[in-house]
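Secondary and tertiary structure notes
Here's the letter readout for the chains.
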Amino acid sequence: MAVIRLDGDERRKAIVRAAVPLFARKGFAGTTTRELAEVAGISEALLFKHFPSKQSLYREIRQLGCEGDPVLETLASLPPSTATLVWMMRFMVRHFLGATESERGELDSRLRLVAHSFLEDGEYAHELFEAVSERVLPLFEASYQAAVASGDIEAPFGAAQPGRPRNLFWFAQHVPALLALAGLPGRNCVPTEGTLDELADEATAFILRGIGMRDDAIAAGAGHGRDAAAD
């Protein structure tokens, strides 16, 4: 059988692709360089030639995980509005709860990397969330302010004034992210009821009401999102 020789860049990418599931399963501290070399099908000497340390390999995985998602770039092009805010929250919930089979593996690996990061040094999670903040928060904040200005959002939880958009965004992100984490064992550890679509709709409505959006604005924004998806 002919041996396929990869150039340096291709070899590095192959090592990273092989390492991600291992780090996702065992975490940084629980993964050895010997195991990394084995899953990549190379010797430890060749592994160290491309990545001088386990830390350097993990750092490259962190950076790749934080690269721009095409969907995030699409989001950034939308005009700030109540409808955009509804669409963003609906998309975020669907991203975590309604991933397709082809998307599931990558999402599960990323969730596991984040969970291990929380238990270790937090660096992967920190870099990932910083990248999301740079691409998504400006539009969320602008859309939130547009919704407040139009009267579609009122002060939540009986507060005297609307909340701080940055905090509200992360509160919103935590809801579907935690539900997705609870499903990593292969079955949902949280005893929710209803179909996946019903759960996603209820979670989206819960988030939007939590940030102070009126029910009629939620309904109007949802209708706009369905029309946009059909175009």
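Comments concerning the environment of Ala 149
- Note on placement: Ala 149 falls in helix 8 (residues 123–149).
- A relative accessible area of 70% places Ala 149 in the exposed class.
- For the pair formed by Ala 149 and Ser 81, sequence separation is 68 residues and the distance between their alpha carbons is 9.8 Å.

Some thoughts on the packing of helix 6 (residues 82–97) against helix 9 (residues 165–182)
- Relative to each other, helix 6 and helix 9 sit at 25 degrees, their axes nearing to 8 Å. Classed by the angle they form, the pair helix 6 and helix 9 counts as roughly parallel. Two packed elements cross with a definite hand, and for helix 6 against helix 9 that hand is right-handed. Contact with helix 6, carried on its side by Met 89, Met 92, Val 93, Phe 96 and Leu 97, involves Phe 169, Ala 172, Gln 173, Pro 176, Ala 177, Leu 179 and Ala 180 of helix 9 and no other residues of that element.
- The residue makeup of the contact of helix 6 with helix 9, split by class, is 11 nonpolar, 1 polar and no charged.

Considerations on the nonpolar core
- Among the nonpolar cores identified, the biggest contains 35 residues, and Leu 85, Met 89, Phe 140, Phe 169 and Met 213 are the most heavily contacted of them.
- Taken together, the elements giving at least two residues each to this core come down to helix 6, helix 7 (101–119), helix 8, helix 9, helix 10 (196–210) and helix 11 (215–230).
- Per-element accounting of this core gives the leading share, 8 residues, to helix 6.
- Setting aside residues no more than four positions away along its own chain, Phe 140 makes contact with Leu 85, Met 88, Met 89, Pro 165, Leu 168 and Phe 169.

Conventions we followed
Residues numbered from 1 in each chain as written. Predicted model: local features only at pLDDT ≥ 70, side-chain atom pairs only at ≥ 80, totals over all residues. Heavy atoms only, no water. Helix = DSSP H or I, 4+ residues; strand = E, 2+ residues; numbered from the N terminus. Buried < 20%, exposed > 50% of the residue type's maximum accessible area, 1.4 Å probe, protein only. Axes fitted to C-alpha atoms, helices over the stretch in contact; angles between N-to-C directions. Parallel < 35°, antiparallel > 145°, perpendicular 65-115°, else oblique. Left-handed = near helix turned anticlockwise from the far one by under 90°. Contact = heavy atoms within 4.5 Å. Nonpolar A, V, L, I, M, F, W, Y, C, P; charged D, E, K, R; others polar. Core = buried A, V, L, I, M, F, W, Y, C linked by side-chain atoms within 4.5 Å.

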